[in-house]
Amino acid sequence: LDATLEAPRATNSITVNHDVAISTVQPVVETITTMTPDGAYSVGMSIIINATLSVPILSVPGPADQTFVFQLNSGAICVLTTDGLGGAQGVYVVQAGDHTDSLKVLAIDPNNTTDAANNPLSSALPSNVTVGNLSIDTTAPVIVEFGVSAIVDRDGNPVTVDPLGTSGTFGVNAEFSIFATASED
């Protein structure tokens, strides 16, 4: 038995008069985008991350869905699930300790994701790895200053305090306002 295959498109080739394609090209992530509005995001907020792939990667229903992982510069990961149409989507939920001024993808873990020809997804990054115009800040604001203002004594007369409004002597029934300034709005 001769198991030699004819060259593609040759008279006796399996590709002649059949819808057969032979591909050895690795699928790649071409673009990274988000529909999440630009802005700052903090703990518990969700960011939807989309990827456009060079070829469709079929999704298998159930627990065998094809997934791959983006390593983000905020310190987190985002698992994306293929849609079978040349795209993938994942949801990144901001966790305590995540931080970046501009959200970017640092690396791709293909996680055994393959196209229909069993070519593995490439771990190469696309040229633009920035995810929208998003920043991640999970640092809690702190009080950086306290002060006193609008001070009147029990007779309604203004009371003088130091120029910074941080100290003074107050009698019984004195009325005053206390203000606090936080490290961020």
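Residues numbered from 1 in each chain as written. Predicted model: local features only at pLDDT ≥ 70, side-chain atom pairs only at ≥ 80, totals over all residues. Heavy atoms only, no water.

Student: Sorry if this is basic, but what is going on with the packing of aromatic side chains here?
Tutor: The way to describe two aromatic rings as a pair is by their centre distance and the angle between their planes. A complete count under the given rule lists one aromatic pair for this structure. Ring centres of phenylalanine 68 and phenylalanine 70 lie 5.7 Å apart, and the angle between their planes is 65 degrees; on these two criteria the pair is classed as edge-to-face. The exposure class of phenylalanine 68 is buried, given its relative accessible area of 0%. (Phe/Tyr/Trp six-rings, centres within 6.5 Å; stacked < 30°, edge-to-face > 60°. Buried < 20%, exposed > 50% of the residue type's maximum accessible area, 1.4 Å probe, protein only.)

Student: In this structure, what is going on with the nonpolar core? I would like to understand it.
Tutor: One recurring pattern in soluble globular proteins: nonpolar side chains tend to sit buried together. Judged by nonpolar contacts, the single largest core of 25 residues is most densely connected at Val29, Ile47, Ile49, Phe68, Phe70 and Tyr92. Looking at this core, the elements with two or more residues in it are β1 (29-33), β3 (46-53), β4 (67-72), β5 (77-82), β6 (87-93), β8 (105-109) and β9 (134-137). Once residues within four sequence positions are removed from consideration, isoleucine 49 is found in contact with Ile32, Thr33, Phe70, Leu72, Cys78, Leu80, Ala88, Gln89, Gly90, Tyr92 and Val131. (Core = buried A, V, L, I, M, F, W, Y, C linked by side-chain atoms within 4.5 Å. Helix = DSSP H or I, 4+ residues; strand = E, 2+ residues; numbered from the N terminus. Contact = heavy atoms within 4.5 Å.)

Student: How do you make sense of the sheet that holds β3 when you look at a structure like this?
Tutor: Sheets are built from strands paired through backbone hydrogen bonds, the pairs being either parallel or antiparallel. Strand order in the open sheet formed by six strands is β1-β3-β6-β5-β4-β8, and the pairing between neighbours is antiparallel. Each edge of the open sheet carries a strand with a single partner, namely β1 and β8. Neighbour-to-neighbour, the strand axes of the sheet open up by a mean angle of 25 degrees, direction not taken into account. Judged from the four bridges that link them, β1 and β3 form a sheet pairing that is antiparallel. Its bridge partner lying in β3, threonine 31 is registered against threonine 52. (Pairing = 2+ DSSP bridges. Axes fitted to C-alpha atoms, helices over the stretch in contact; angles between N-to-C directions.)

Student: Explain the side chain of threonine 114 to me, please; I cannot follow it from the model alone.
Tutor: Position of threonine 114 among the secondary structure elements: in the loop between β8 and β9. A relative accessible area of 17% places threonine 114 in the buried class. For threonine 114, the residues in contact, after removing those within four places along its chain, are Ile57, Gln66, Asn119 and Pro120.

Student: Looking at this structure, how should I read the environment of glycine 97?
Tutor: With respect to the element layout, glycine 97 can be found in the loop between β6 and β7 (99-100). On the basis of relative accessible area, glycine 97 is assigned to the exposed category, the value being 63%. Spatially, the C-alpha atoms of glycine 97 and threonine 139 are 7.3 Å apart, while their sequence positions differ by 42 residues. In contact with glycine 97, not counting residues within four places along its chain, are Ser74 and Thr138.

Student: What should I look at first to understand the environment of threonine 34 in this one?
Tutor: Structurally, the position occupied by threonine 34 is in the loop between β1 and β2 (39-41). Note: C-alpha distance between threonine 34 and isoleucine 47 (13 residues apart in sequence) is 7.6 Å. Excluding residues within four positions of it along the chain, threonine 34 makes contact with Ile47, Ile48, Asn50, Val131, Gly132 and Leu134. At 3.0 Å, the side chain of threonine 34 and the backbone nitrogen of threonine 36 are in polar contact. Only 2.5 Å separates the side chain of threonine 34 from the backbone oxygen of isoleucine 48, close enough to count as a polar contact. (Polar contact = N/O pair within 3.5 Å; in protein donor to acceptor, adjacent residues only side chain to side chain.)

On their own, these measurements won't tell you what the molecule is for.
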